[in-house]
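This is what each chain is made of:
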Amino acid sequence: MSKIVKQTEEQLKTLITAAVNTAIKDGELPEAELPQFIIEKPADKKNGDFSTNIAMAGARAFRQAPRQIAEKIVSKLDLSGTLFERAEIAGPGFINLYLSQDYYSAIVRDVIDSGAQYGRSDYGQGKRVIVEFVSANPTGPMHIGNARGGAIGDCLASVLDAAGYNVWREFYVNDAGNQIEKFGVSLETRYLQLCGEDIEMPEDAYHGADITAHAEAFKAEYGDKFVLASGEERKKALVDFALPKNIAGLESDLKKYRIVYDNWFRESTVHGDGSVNKVIEALKERGVTYEEDGALWFKASEFGNDKDIVLIRSNGLPTYIVPDIAYHYNKLVTRGFDKAIDVLGADHHGYVPRMKAALTALGIDADRLDVVIMQMVRLVRDGEMIKLSKRSGKAITLNTLLEEIPIDAARFFFNLREPNSHFDFDLELAAKQSSENPVYYVQYAHARICSILRKAEESGADFKAPGADELNRLSSDEERELISHLSALTGEIVSAAKLYDPAKLTHYVVELATLFHKFYNTHRVVCEDEGLMRARLYLCTAVKNTIFNILKMLKIDAPEKM
């Protein structure tokens, strides 16, 4: 919450406590320990700006009807010199309090004075958090699901940073294991076909055009040099040639999407430094493994998973879960992050209890791992869903998406829904320049305010900071509603950080734009009353700065002209 909101809530708690103590001292309430009570913001503004249940909570302790208790507390409330103007009793004994105009003026000043820092807080207390997201298979280009994961993960990292966490962005590169073996087979088949061999691509191989392109580039450089080489040598040469290009391509595409990672962590690292073997040995030492049918199993069912899982196959090779366990051990123990957050697709539901079981078995608090499950995206054009196959190579990639719609729209649209909700991405709407398009609507609000301020300056308006009396004239319903929404930003950021839901910020800024347009359509900003004009220009600047701060957090442009 903003500095002013926090101070106001603390002030209210002090006022209520003092009123109860005064009522006890004056003999109107019996001596009793102050009960636990709640202060909250009512959904309906008719019930005040704040409401407390102190009278109901104290009914047993004070042995009186809540309504009577409320009347005695309200009679002792001293609101002079505070940011509250009145208190009323409602229903069975709720005490509703209404803020004074000084509060609204203080909020606007706080927004302006805080500048780029407005909305930020120390809620996270500098705890170190690593957010791993996208981590797309490096054997091919990024698809539409990766595009959503990128926007969600990057914006979540920004939200956590604004909430006071020390945030680290990471991409986990799966450059080992089955998918690399399949990548090698796919490249080898295309290469041999190009060299005249009559062989068919395996059904479960990668059939995308990118595989053919890599094979063609490899043949252009090496000719048929590897046709007579052993299969292993040929596949290794092809993978060593193509994989670095793919990884560089992923990094380039993500930078274009405005995502820059602090680190690209390779799976091969945990194989090469012995971490995989160390994890297996650690689980053995803790007595949580057993052998069956020539394989090594982990007793995952003893740690919350629905069944035991294989660690080492009967052929001596580790399953995919082992390097993943080693990677999470690296994050939480070796590098010592306080919290690891993984942004994963909907097909990873079963993965979460397996990983948490392994961490628990290794003596690590599994609550230090949180997983954001992200649902699928459906692309819609002309009201029809686009059905494309990833296996056939006809899936829409991140690059092709960004050729069709602006980056601003992609990042904003993918954060319009909380991650665990299905999302229909309307390609036409995302490209539309109208108020129907939420990102355009918000950007237009920012540009409109910039235009208002420019025209006011050109007309010779006085931009001197308004005095207290002038700011207190921002008292209409539209102005108060707008200022009240400004005051909620810090709380929304903290809530988004708690729930791992950056969509809260897109909802907040769309509502802010709506409230601004409502205010502007009702009241003249540049008017003959200079004091009122100064106050309204100041309010416009506060709204502009807040929109800018949020869009910057989401890595979306805030144009000054449209």
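Let me begin by describing the structure that accompanies this report. Not measured: the values here are computed from a predicted model.

1. Focus: the overall build of the protein
Each helix and strand counted, the protein has 22 helices and 15 strands in total. Counting only C-alpha atoms, the protein reaches 95 × 65 × 40 Å along its principal axes. The burial tally for the protein puts 52% of its 562 residues in the buried class. A separation of at least 24 residues holds for 71% of the contacts in the protein among residues at least 6 apart in sequence. In the structure as shown, the protein presents an accessible area of about 25800 Å², 48% of it carried by carbon and sulfur atoms. The protein carries 68 positive and 83 negative side-chain charges, and their two centres are separated by 2 Å.

2. Some remarks on the sheet that holds strand E14 (residues 384–385)
The three strands are arranged E14-E13-E15 in an open sheet whose pairing can be described as mixed. Each edge of the open sheet is held by one strand with a lone partner, namely E14 and strand E15 (423–426). In this sheet, E14 lies alongside strand E13 (residues 377–381) in antiparallel orientation, the contact comprising two bridges. Residue pairing in the sheet places valine 380 in a bridge with methionine 385 of E14.

3. Focus: the packing of helix H7 (residues 178–194) against helix H9 (residues 231–256)
As a packed pair, H7 and H9 sit with axes 8 Å apart at the nearest point and diverge in direction by 105°. One element, H7, and the other, H9, form an angle in the roughly perpendicular class. Side by side, H7 and H9 meet where Ile180, Glu181, Phe183, Gly184, Val185, Leu187, Glu188, Tyr191 and Leu192 of the first sit next to Gly231, Arg234, Lys235, Leu238, Val239, Ala242, Leu243 and Asn246 of the second. Looking at the contact of H7 with H9 residue by residue, the class counts come to ten nonpolar, three polar and four charged.

4. So, unusual backbone geometry
The phi angle at valine 134 is positive, at roughly 70°, despite the residue not being glycine. Looking at where valine 134 falls in the secondary structure, it is placed in the loop between strand E5 (128–132) and helix H6 (144–162). Judged by relative accessible area, valine 134 falls into the buried class, the value being 13%. Notably, aspartate 293 is not glycine yet its phi reads approximately 55°, a positive angle. When you line up the elements, aspartate 293 lands in the loop between strand E8 (289–292) and strand E9 (295–298). For aspartate 293, a relative accessible area of 71% puts it in the exposed group.

5. Brief notes about the pairing of strand E6 (residues 166–173)
Counted residue by residue, E6 has six buried out of eight residues, so it is predominantly covered. As defined by bridge partners, E5 adjoins E6 across five bridges and the pair is classed as parallel. Counted as the bridge partner of valine 129 is valine 167 from E6. A crossover links E5 with its parallel partner E6, the connecting element being H6, and its sense is right-handed. Summarising the sheet, E6 and strand E7 (residues 263–266) pair through four bridges and their orientation is parallel. Residue pairing in the sheet places tyrosine 172 in a bridge with phenylalanine 265 of E7.

6. Thoughts on the environment of glycine 145
Along the chain, glycine 145 falls in helix H6. Sequence spacing of glycine 145 and lysine 3 is 142 residues, and the spatial spacing of their C-alpha atoms is 38 Å.

7. Overview of the packing of helix H11 (residues 275–285) against helix H12 (residues 321–334)
In the contact formed by H11 and H12, the axes pass within 9 Å of each other and the chain directions differ by 95°. One finds that H11 runs roughly perpendicular with respect to H12. Counting all contacts with H11, which are made through Ser275, Val276, Val279 and Ile280, the residues of H12 involved are Val322, Pro323, Ile325 and Ala326. Across the contact of H11 with H12, the residue classes tally to seven nonpolar, one polar and no charged.

8. A short note on the pattern of salt bridges
Between side chains of opposite charge, a pair can form when the charged atoms approach closely. Under the definition given, this model contains 30 salt bridges. The closest approach of N and O atoms between glutamate 28 and lysine 76, which form a salt bridge, is 2.9 Å. Taken as a pair, glutamate 28 in the loop between helix H1 (3–25) and strand E1 (39–40) and lysine 76 in helix H4 (residues 66–76) lie far apart in primary sequence, 48 residues in all. Its relative accessible area of 30% is what places glutamate 28 among the partly exposed residues. Note that arginine 258 is salt-bridged to aspartate 408, the shortest N-O span being 2.5 Å.

9. As for the nonpolar core
Counting residues in each nonpolar core, the largest one holds 145 residues, and the members touching the most others are Leu160, Tyr257, Phe414 and Phe425. When residues in this core are grouped by element, the largest group, twelve residues, is from helix H22 (residues 530–553). Ignoring anything within four residues of it in the chain, the contact list for phenylalanine 414 reads Ile144, Ala147, Arg148, Ala151, Ile152, Tyr257, Val377, Leu401, Phe423 and Phe425. Within the second largest apolar cluster, 35 residues are counted, among which are Leu311, Ala340, Ala361 and Leu362.

10. Some words on the state of the cysteines
Inspection of every chain in the model, using the stated rule, returns zero disulfides. Left without a disulfide partner, cysteine 527 is nearest to the cysteine sulfur of cysteine 540, which lies 11 Å away. For cysteine 527, a relative accessible area of 18% translates into the label buried. Summary of cysteine pairing: cysteine 540 is not part of a disulfide, and the nearest cysteine sulfur, belonging to cysteine 450, is at 11 Å.

11. Describing the pairing of E8
Across four bridges, the pairing between E8 and E9 is antiparallel. When the sheet's bridge partners are listed, tyrosine 290 is paired in E9 with tryptophan 297. Linking E8 back to E9 in an antiparallel pair, the connection comprises two residues, with aspartate 293 at a positive phi of about 55°.

12. Here's the deal with the packing of aromatic side chains
The relation between two aromatic rings is expressed through the spacing of the ring centres and the mutual angle of the planes. Tallied over the full model, the rule gives 26 aromatic pairs. Plain terms: the ring middles of tyrosine 172 and phenylalanine 265 are 6.3 Å apart, the flat faces sit at 35° to each other, and that makes the pair tilted. Of the two residues, tyrosine 172 sits in strand E6 while phenylalanine 265 sits in strand E7, which places them 93 residues apart along the sequence. Grouped by ring-pair contacts, the aromatic residues Tyr191, Phe218, Tyr222, Phe226 and Phe241 constitute a single cluster.

13. Quick notes on helix H21 (residues 503–522)
Between the first and last C-alpha of H21 there are 29 Å, a value that for 20 residues agrees with the 28 Å anticipated at 1.5 Å per step. Residues of H21 that are buried: Ala503, Leu505, Thr506, Tyr508, Val509, Leu512, Ala513, Leu515, Phe516, His517 and Phe519. On its buried face, H21 is in contact with H6, helix H15 (407–413), helix H17 (438–458), helix H19 (477–487), helix H20 (489–499) and H22.

14. Observations regarding the sheet that holds strand E10 (residues 309–312)
Note on sheets: strands pair through backbone hydrogen bonds, and any given pair is parallel or antiparallel. Within the open sheet, the three strands sit side by side as E8-E9-E10. Their pairing is antiparallel. One side of each edge strand has no neighbouring strand; the edge strands of this open sheet are E8 and E10. Within the sheet, the average angular offset between the axes of one strand and its neighbour, ignoring direction, is 45°.

Rules and cut-offs
Residues numbered from 1 in each chain as written. Predicted model: local features only at pLDDT ≥ 70, side-chain atom pairs only at ≥ 80, totals over all residues. Heavy atoms only, no water. Helix = DSSP H or I, 4+ residues; strand = E, 2+ residues; numbered from the N terminus. Buried < 20%, exposed > 50% of the residue type's maximum accessible area, 1.4 Å probe, protein only. Contact = heavy atoms within 4.5 Å. Areas by Shrake-Rupley, 256 points an atom, 1.4 Å probe, with all protein chains shown as cover. Lys, Arg positive; Asp, Glu negative; His and termini not counted. Charge placed at Lys NZ, Arg CZ, Asp CG, Glu CD. Pairing = 2+ DSSP bridges. Axes fitted to C-alpha atoms, helices over the stretch in contact; angles between N-to-C directions. Parallel < 35°, antiparallel > 145°, perpendicular 65-115°, else oblique. Nonpolar A, V, L, I, M, F, W, Y, C, P; charged D, E, K, R; others polar. Right-handed = clockwise from strand over helix to strand, strands pointing away. Salt bridge = Lys/Arg side-chain N within 4 Å of Asp/Glu carboxyl O. Core = buried A, V, L, I, M, F, W, Y, C linked by side-chain atoms within 4.5 Å. Disulfide = S-S within 2.5 Å. Phe/Tyr/Trp six-rings, centres within 6.5 Å; stacked < 30°, edge-to-face > 60°. Expected span 1.5 Å × (residues − 1).

Functional significance is not addressed by these values, which are geometric in nature.
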